[in-house]
Amino acid sequence: EIPKRDWSSDVCSSDLTSIDFTGIPSWVKRISILLNGVSTNGSSPLLIQAGPSGGVDTTSYNGGTYNPAAWAANTNGFLISAQGGATFLYYASARLELVDASTNTWLFSSVGVMVNGNTLMNGGGSRAFSGVLSRVRITTSNGTDTFDAGQVNIIYE
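Residues numbered from 1 in each chain as written. Predicted model: local features only at pLDDT ≥ 70, side-chain atom pairs only at ≥ 80, totals over all residues. Heavy atoms only, no water.

S.K.: Help me out: how do you make sense of the packing of aromatic side chains in this one?
M.R.: For any pair of aromatic rings, the description rests on two quantities: the centre-to-centre distance and the angle between the ring planes. Under the definition given, this model contains four aromatic pairs. Considering the side-chain rings of Y61 and F129, the 6.2 Å spacing of their centres and the 75 degrees angle between planes classify their relative orientation as edge-to-face. With a gap of 68 residues between them, Y61 in the loop between strand 4 (46–51) and strand 5 (62–67) and F129 in the loop between strand 10 (119–128) and strand 11 (135–140) connect regions that are remote in the sequence. Accessibility assignment for this pair places Y61 and F129 in one class, buried. Considering the side-chain rings of F78 and F108, the 4.6 Å spacing of their centres and the 5 degrees angle between planes classify their relative orientation as stacked. Placement of the pair is F78 in strand 7 (residues 78–79) and F108 in strand 9 (residues 105–115), with a sequence separation of 30 residues. Residue class for F78 comes out buried when judged on its relative accessible area of 2%. The exposure class assigned to F108 is buried, which follows from its relative accessible area of 2%. Taken together, Y61, F78, F108 and F129 form an aromatic cluster joined through their ring pairs. (Phe/Tyr/Trp six-rings, centres within 6.5 Å; stacked < 30°, edge-to-face > 60°. Helix = DSSP H or I, 4+ residues; strand = E, 2+ residues; numbered from the N terminus. Buried < 20%, exposed > 50% of the residue type's maximum accessible area, 1.4 Å probe, protein only.)

So this is what it looks like as structure tokens:
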């Protein structure tokens, strides 16, 4: 049986521009990121960044996301949605899965719904990291919008 770890962060009353989960063990092969009613104060889409112990990587991501109203590609992180809005509530599940341990390449996939935006959303991508992945960050595309509602949880195995 693979050991599992569950961390959670309540962002309902915070003014954070990002939520970081650090100290992810080197044996991890899959990370699930769960968003429950997450909202921000601005119009920038949500995204996920990751990286080794030195910090999250903020460039060279490959992938994009789609919802019926828009398609978006991004290189500064894995997008959860192609759109953002201060009234949107995000309910989504995203996964990072190790594809190649020799190059630290991870595959990203996500699915969810954007309430008040009235749309489904899904995305995918991949990235090779410079070292063993040990941290995950949930933030916005512009990096300055703040979280104002919801919960974020990660589970790794």
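S.K.: Sorry, what's going on with the environment of A94 here?
M.R.: Positionally, A94 belongs in strand 8 (residues 89–100). You can call A94 buried: its relative accessible area is 1%. Residues within four places of A94 in sequence aside, it is in contact with I31, S32, I33, I48, I80, F108, S109 and S110. (Contact = heavy atoms within 4.5 Å.)

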